[in-house]
Amino acid sequence: MLLLAKCEIISYMKNSEIDAYVLSESSLFISKRRMILKTCGTTTPLDCIERIIDLVREFTKVKCV
């Protein structure tokens, strides 16, 4: 996934509610019900959105349109 986004994990923290990643020029937050991607700069994390949707379809009962 990181290769698709052309970024790397700089730092990682988690608690019982959320996993938080500081990516090169981006931040990613993942909880049981949502994923938040905040990006800026020259990285291209949105290039991996299609793959993320495929994974959601594969591993959950959520319908993605």
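Up top you'll find the structure we're talking about.
Since we're looking at a predicted model, the values are computed, not measured. As a convention, each chain's residues are numbered from 1 in the sequence order in which they are written. Restriction of local features to residues with pLDDT of at least 70 applies here, the model being predicted, together with a cutoff of 80 or more for giving and counting side-chain atom pairs; totals for whole chains, interfaces and linings are based on all residues. Side-chain numbers here rest on the full set of heavy atoms in the structure, without hydrogens or water.

Novice: I would appreciate a short explanation of the overall build of the protein in the present structure.
Specialist: By definition, any uninterrupted DSSP run of H or I lasting at least four residues is a helix, any uninterrupted run of E lasting at least two residues is a strand, and each is numbered from the N terminus. Secondary structure assignment for the protein yields two helices and four strands. Relative accessibility under 20% of the residue-type maximum defines a buried residue, over 50% an exposed one, and the middle range a partly exposed one, all with a 1.4 Å probe and only protein chains included. Burial statistics for the protein: of 65 residues in total, 18% are counted as buried. Sequence separation of at least 24 residues holds for 21% of the intrachain contacts in the protein that already meet a minimum separation of 6. Summing over all exposed atoms, the protein offers an accessible surface of approximately 5400 Å²; the carbon and sulfur share of this is 60%. By the convention used here, residues are in contact when the closest approach between their heavy atoms is within 4.5 Å. For the area figures, the Shrake-Rupley method with a 1.4 Å probe applies, and any residue is considered shielded solely by the protein chains shown.

Novice: How should the packing of aromatic side chains be read in this particular structure?
Specialist: Each aromatic ring pair is summarised here by two numbers: the centre-to-centre distance and the angle between the ring planes. Pairing of aromatic rings covers Phe, Tyr and Trp, the last counted by its six-membered ring, and requires centre-to-centre distances within 6.5 Å; plane angles under 30 degrees mean stacked, over 60 mean edge-to-face, and any other angle means tilted. In this structure the tally under the stated criterion is one aromatic pair. Arranged with centres 4.7 Å apart and planes meeting at 35°, the rings of Tyr12 and Tyr21 form a pair that is tilted. Given a relative accessible area of 40%, Tyr12 falls into the partly exposed group. Relative accessible area serves as the criterion here: at 18%, Tyr21 is assigned to the buried category.

Novice: Looking at this structure, I do not really get a nonpolar patch on the surface. What am I missing?
Specialist: Within the patch definition used here, like charges are joined within 9 Å and nonpolar side chains (Val, Leu, Ile, Met, Phe, Trp, Tyr) within 5 Å, considering only residues with over 30% relative accessible area and no salt bridge. Each salt bridge in this description consists of a side-chain nitrogen of Lys or Arg and a carboxyl oxygen of Asp or Glu lying within 4 Å of one another. On the surface, a nonpolar cluster with roughly 310 Å² of combined accessible area is contributed by Ile30, Met35, Leu46 and Ile49. Along the chain, the position of Ile30 falls in strand E3 (residues 26-30).

Novice: What's the story with the nonpolar core in this structure? I'm lost.
Specialist: Note that soluble globular proteins tend to have their nonpolar side chains buried in a common cluster. Nonpolar core, defined: a set of buried Ala, Val, Leu, Ile, Met, Phe, Trp, Tyr and Cys residues in which side-chain atoms within 4.5 Å join the residues together. Residues Ala5, Cys7, Tyr21, Leu23, Leu28, Cys48 and Ile52 constitute the largest nonpolar core, which totals seven residues. Filtering out sequence-adjacent residues up to four positions away, Leu28 remains in contact with Asp19, Ala20, Tyr21, Leu23, Met35, Ile36 and Leu37.

Novice: Which parts of the structure should I look at to understand the sheet that holds strand E2 (residues 19-23)?
Specialist: Note: strands within a sheet are paired through backbone hydrogen bonds, in either parallel or antiparallel orientation. In this analysis, strands are considered paired if DSSP registers two or more bridges between them. Ordered in space as E1-E2-E3-E4, the four strands form an open sheet in which the pairing is antiparallel. On the outer flanks of this sheet lie strand E1 (9-14) and strand E4 (35-39), each paired with one strand and no other. Strand-to-strand twist of the sheet, defined as the mean angle between neighbouring strand axes without regard to direction, takes the value 10°. Pairing geometry for E3 and E4, over five bridges, is antiparallel. Within E4, the residue paired with Ile30 across the bridge is Met35. Here, axes are lines fitted to C-alpha atoms. For helices the fit covers the stretch in contact, and angles between N-to-C directions go from 0 to 180 degrees.

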